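What the coordinates show
Here's the letter readout for the chains.
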Amino acid sequence: MKVSRRIYLPVIPGILGVLLVAGLAYWGQYGHTVPHTLLWIAAVATLASLVVSWLNVRYIAQRIERLAPRGVPDDGTSGLRSVASVLVPPQISRGPDELDAIEGVVDKLSSAVAAAEAGISERERRFEARSQEYAMLLGNVSAAAAKRIEEVRLPLHILLENRFGDLNENQEEMLGAARVAAEAADADLVALRQIAELDLGKRQMRRDRFLTADLVRALRPMLEATATHGGHLLKVDLDPLAPAIRGDRPVLQEALATLLGGVIRDAEPGADLALTVA
């Protein structure tokens, strides 16, 4: 039973007692005889009110004592203070009690929660500012590195496309590998710059609707070329009934290309690979 109901419950015998007193006032006059039934009801109501009040007061007192922290001073007059608290209005009573202790604990907890929330807000603000700084640094570094990579890619392109002299097979292979590595590094730097732009809010994610099979179908030539270069046999199974998804298609396509390309390159030599979209 809720505490509020326990507090209101003793009111019911009190209302019955008022009605009985009114009956006694009527039948107690000269010439009126008090019925025995009324006397029995009055006695039972009085005892019931006493029992219910005692049980409820005892229950509430025990709950308050359990809630109150230890160390509340008791000068041996707790019973006298309990009686005085009923007779004297609350604003006139003096001296600390369990409710004061509970109120103090609640105030301390409220202050601690407020301080913790303020600290969390401050940490979140610092983390957000630091994240913005890191994203800005990442964008600046990736942009500067992309320029350096472009300076490398241009001479390699000129050397491979315009023959200024005879190159042996090993030299051509080394220049081709350097060109491929430079293009891969440039692609990685572009991805880093895009991540920085997303963190800084300079680029908004799109909400395109497209089929999963179409997304993988666009990546299929690149994946098969990567598998062939590594000596793998890649089997792609596309289900045309695969559900449509929403997202930034270019970003998702690039992410899948990086993920699946890495899986293919890390596979054991000569292993058969399968990619299924269902």
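None of the values given here were measured: they were computed from a predicted structure.

A few words now on the side chain of Ser142. Residue placement: Ser142 occurs in helix H5 (residues 98-161). Judged by its relative accessible area of 1%, Ser142 falls in the buried class.

Turning our eyes to something else, we now look at the pattern of salt bridges. Applying the stated criterion across every chain, the model contains six salt bridges. Between Arg125 and Glu122 there is a salt bridge, with the nearest N and O atoms lying 2.5 Å from each other. Of the two residues, Arg125 and Glu122 both sit in helix H5, three residues apart, roughly one turn of that helix. In this structure Glu122 comes out as partly exposed when scored by relative accessible area, which is 32%. Glu183 is paired through a salt bridge with Arg179; the nearest N and O atoms lie 3.6 Å apart.

We now examine the nonpolar core. When a protein is soluble and globular, its nonpolar side chains tend to lie buried together. The biggest cluster of nonpolar side chains holds 15 residues, and the ones touching the most others in it are Val216, Leu223, Leu234, Val236, Leu238, Ile264 and Leu275. Mapped by element, the contributors of at least two residues to this core are helix H7 (212-229), strand E2 (233-238), helix H8 (249-266) and strand E4 (272-277). Ranked by the residues each element gives to this core, the list is headed by H7, at five residues. Not counting the four nearest positions on each side in its chain, Leu275 is found in contact with Val216, Leu223, Leu234, Lys235, Val236, Asp237 and Leu260.

Examined against the element boundaries, Ser131 turns out to sit in helix H5. Classification of Ser131 by relative accessible area gives partly exposed; the value is 33%. As a C-alpha pair, Ser131 and Leu200 span 69 residues in sequence and 8.7 Å in three-dimensional space.

With 32 residues, helix H6 (residues 169-200) ought to run about 46 Å at 1.5 Å a step, and its terminal C-alpha atoms sit 46 Å apart, in line with that. Of the residues making up H6, those classed as buried are Leu175, Ala182, Asp186, Leu189, Gln194 and Ala196. Count one or two residues on from H6 and you reach Gly201, which has phi positive near 80°.

Turning to the confidence of the model for the protein, a few remarks are in order. Mean pLDDT for the protein: 76, with 75% of residues reaching 70 or above. Low pLDDT, under 50, characterises residues 75-94; the stretch is placed with three contacts to residues that sit more than four places away or in other chains.

Residue alternation in E2 divides its side chains into a buried set, Leu234, Val236 and Leu238, and an unburied set, Leu233, Lys235 and Asp237. Summarising the sheet, E2 and E4 pair through six bridges and their orientation is parallel. Of the residues in E4, the one forming a bridge with Leu238 is Val277.

On to a nonpolar patch on the surface. Taken together, the side chains of Leu16, Leu19 and Ile41 present a nonpolar region at the surface, about 260 Å² in accessible area. Along the chain, the position of Ile41 falls in helix H3 (residues 36-67). A relative accessible area of 39% places Ile41 in the partly exposed class.

Under the 1.5 Å per step criterion, the end-to-end length of H7 is 25 Å for 18 residues, consistent within 8% with the ideal 26 Å. At Arg220, H7 shows its largest kink, close to 45°, and the proline Pro221 lies no more than four residues downstream. Turning to H7, its buried residues are Thr212, Ala213, Leu215, Val216, Leu219, Leu223, Thr226 and Ala227. Buried-residue contacts for H7 involve strand E1 (208-211), E2, strand E3 (244-247), H8 and E4. In the segment just after H7, Gly231 is the residue with positive phi, at about 75°.

Our next topic: the packing of H7 against H8. Put simply, H7 and H8 touch, their axes get as near as 10 Å, and they point 30° apart. One finds that H7 runs roughly parallel with respect to H8. Here the hand of the crossing between H7 and H8 comes out right-handed. Residues Asp214, Leu215, Ala218, Leu219, Met222, Leu223, Thr226 and Ala227 of H7 form the contact with H8, whose own contacting residues are Arg249, Leu252, Gln253, Leu256, Ala257, Leu260, Gly261, Ile264 and Arg265. Of the residues in the contact of H7 with H8, the class split is eleven nonpolar, three polar and three charged.

About the criteria used
Residues numbered from 1 in each chain as written. Predicted model: local features only at pLDDT ≥ 70, side-chain atom pairs only at ≥ 80, totals over all residues. Heavy atoms only, no water. Helix = DSSP H or I, 4+ residues; strand = E, 2+ residues; numbered from the N terminus. Buried < 20%, exposed > 50% of the residue type's maximum accessible area, 1.4 Å probe, protein only. Salt bridge = Lys/Arg side-chain N within 4 Å of Asp/Glu carboxyl O. Core = buried A, V, L, I, M, F, W, Y, C linked by side-chain atoms within 4.5 Å. Contact = heavy atoms within 4.5 Å. Expected span 1.5 Å × (residues − 1). pLDDT = per-residue confidence, 0-100. Pairing = 2+ DSSP bridges. Patch = residues over 30% accessible without salt bridge, like charges linked within 9 Å, V, L, I, M, F, W, Y side chains within 5 Å. Areas by Shrake-Rupley, 256 points an atom, 1.4 Å probe, with all protein chains shown as cover. Bend = angle between axes of the 7 residues up to and from the residue. Axes fitted to C-alpha atoms, helices over the stretch in contact; angles between N-to-C directions. Parallel < 35°, antiparallel > 145°, perpendicular 65-115°, else oblique. Left-handed = near helix turned anticlockwise from the far one by under 90°. Nonpolar A, V, L, I, M, F, W, Y, C, P; charged D, E, K, R; others polar.

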